[in-house]
Amino acid sequence: MTTWSVVNDDTREKRWQDHFPRMLPRYVLLACLALVVVSLGVVLTPARPPQPMETPFSEQARAAALTETLQLLAAGGRLGTGSPDGSADRPAGAGNAAVERTVTLLTTQAEALVLPGESPAGAPGASPTVSAPSTPPGPTPSPAAPVPSANESPTAETPASRPPTAAQPATAAELVTALADSGRRRLADAAGADGGMARLLAAVGTAQLLQASKLAAGTGTAAPAPPDDTAPQLSGTCPSESAGAQSPEASPDAADTPAAPDGGAGGTRGVAGSPGSDAAVGAALAAVARTEAQAIYAYQVALPRLDGDAAKSAAEGLARHDALLSGAETRARLHCSTVPPREAGYTLNQSFLGSPAAGLGNVEAAALPVYGDLIALSDGETRQWAVAALLGSAKRAVLWGADPGALPGLDPASLPSLPAN
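Numbers given to residues run from 1 along each chain, matching the order in which its sequence is written. Residue-level local features of this predicted model are given only where pLDDT is at least 70; pairs of side-chain atoms are given and counted only at 80 or more, and the full residue set underlies all totals for whole chains, interfaces and linings. Here the side-chain values reflect all heavy atoms present in the structure, with hydrogen atoms and water set aside.

Undergrad: It is not clear to me how the packing of helix α7 (residues 278-302) against helix α10 (residues 356-377) should be interpreted in this structure. Could you clarify?
TA: Note on geometry: axes are C-alpha line fits, over the in-contact stretch for helices, and angles between N-to-C directions span 0 to 180 degrees. Only DSSP runs of H or I with at least four residues qualify as helices, and only runs of E with at least two residues qualify as strands; both kinds are numbered from the N terminus onward. Where α7 meets α10, the axes come as close as 9 Å, and the angle between the chain directions of the two elements is 170°. Here α10 runs roughly antiparallel to α7, going by the angle between their axes. Residue-level contacts link Ala 280, Val 281, Ala 284, Leu 285, Ala 287, Val 288, Thr 291, Glu 292, Ala 295, Ala 298, Tyr 299 and Ala 302 of α7 to Pro 356, Leu 360, Val 363, Glu 364, Ala 367, Val 370, Tyr 371, Leu 374 and Leu 377 of α10. The labels follow the angle: roughly parallel below 35 degrees, roughly antiparallel above 145, roughly perpendicular from 65 to 115, and oblique for the rest. Residues are treated as being in contact if the distance between any of their heavy atoms lies within 4.5 Å.

Undergrad: Help me understand the packing of helix α8 (residues 308-334) against helix α11 (residues 380-399) in this model?
TA: Two numbers describe a pair of packed helices, the interaxial angle and the distance between the axes. Look at α8 against α11: their axes get within 12 Å of each other, and the N-to-C directions meet at 160°. Regarding the angle of α8 to α11, the classification is roughly antiparallel. Seen along the crossing, α8 lies across α11 with a hand that is left-handed. The residues of α11 that touch α8, namely those facing Ser 313, Gly 317, Arg 320, His 321, Leu 324, Gly 327, Ala 328 and Arg 331, are Glu 381, Thr 382, Trp 385, Ala 389, Arg 396 and Leu 399. Residue polarity is assigned by list, with Asp, Glu, Lys and Arg as charged and Ala, Val, Leu, Ile, Met, Phe, Trp, Tyr, Cys and Pro as nonpolar; anything else, Gly included, falls into the polar class. Considered class by class, the residues forming the contact of α8 with α11 number five nonpolar, five polar and four charged. Whether a crossing is left-handed or right-handed is set by the direction in which the near helix is turned from the far one by less than a right angle, anticlockwise for left-handed and clockwise for right-handed.

Undergrad: Would you mind showing me how to read the packing of aromatic side chains here?
TA: Aromatic rings considered in pairs are described by the distance between their centres and by the relative angle of their planes. Any two of the Phe, Tyr and Trp rings considered here, Trp counted by its six-membered ring, make a pair once their centres fall within 6.5 Å; the pair's planes then place it as stacked at under 30 degrees, edge-to-face at over 60, or tilted in between. According to the stated counting rule, one finds three aromatic pairs in the structure shown. Measuring from ring centre to ring centre gives 5.9 Å for Tyr 297 and Tyr 346, while their planes differ by 65°; the resulting arrangement is edge-to-face. A residue pair is termed long-range when its members are at least 10 positions apart, and Tyr 297 in helix α7 and Tyr 346 in the loop between α8 and α9 (350-354) qualify at 49 residues. For every residue, the accessible area (1.4 Å probe, protein chains only) is compared with the maximum for its type, and the residue is labelled buried under 20%, exposed over 50%, or partly exposed between those bounds. By relative accessible area, which is 25% here, Tyr 297 ends up partly exposed.

Undergrad: Where do I start with the pattern of salt bridges in this structure?
TA: Salt bridges are counted wherever a side-chain nitrogen of Lys or Arg sits within 4 Å of a carboxyl oxygen of Asp or Glu. The tally for this structure, following the rule as stated, stands at nine salt bridges. Between Arg 184 and Asp 181 there is a salt bridge, and its shortest N-O distance comes to 3.2 Å. Linking Arg 184 with Asp 181, this pair stays in helix α4 (residues 172-190), spanning three residues, or about one helical turn. Between Glu 381 and Arg 331 there is a salt bridge; the shortest N-O distance is 3.3 Å.

Written as structure tokens, this is what we have:
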């Protein structure tokens, strides 16, 4: 290295050492300005609005049911109220007992569907300015919504996605049709709702379907298509049994692993969010099996004491209950639950023997809350089976002269009342 290069390097280093202290404040000032600009940009940039949360399916179904029930209630009130001045334009349903019973039933159902503190528009006694249900129900479900079969997904269509219904019914015939359509929609929504709401929707739908037939008979209009209470075919096996059959070397602990008999893996059963454990579903199915065994015994005792059409209906009811008992036992096995043993007989009081038809009505009415429990605790195919059984028991209760009430399987005394003015 030459002497000149060494001197040149020393001179550059000395110049940088002298220059840097003088430039340091400028560098700091530039850095501060850059931070100010960046912070201003962050503050002035508008934040993205939060995405609206999707309304749960159960709330959509409840709001849609309440809205439609209030519409039916208003239509029934118009049909059942005579002209105040006594003119000739008195509605055809004015003073009709069937119309009045329909209004009473719909009022009870609206009381069950309303939330605490909610003031739905159209409630009896509410002013026209009262707000609608707090959760927007979306368009009212269409009248063609069928009850989903065992192979359909009940969440494929939500209440908010259905097209709106036609104009409100203005005649008794239109009210009959609208009432039956609403009942079918409630049963369809019960398949995908949460446990307690599913039970309420199934009760509302069942009662509306039955009342549609009563209203048609009471007003002399065409009867709606009879509700289909055919239970879906059950499928599947107990997961522990199928696992043992496929793998004989499987460990004993595998049989105790909670499984999903109604579809879905990893413990998720159906679309209702596992409303009940397998133990709870098994207990509900055991209660159904015991109830059906008692019903079979009651029908066997009543059948020889009936004749004519009553005997024919009793024979059909006996066959139906026998099928329901087999279905409950099969479903209990699919849930890996213990099937209760069948008893040799049951005690019947003297009033049953003296009036077997009325006794069978009481037997059918007693089965309603049992199926209501199963609807609330189960999901998937088991729930659809229970909904069909609830509808069938309510129909047979009416056949034998019993009144299943406005909410079959529920106690209306525990429900809130509609708000007043």
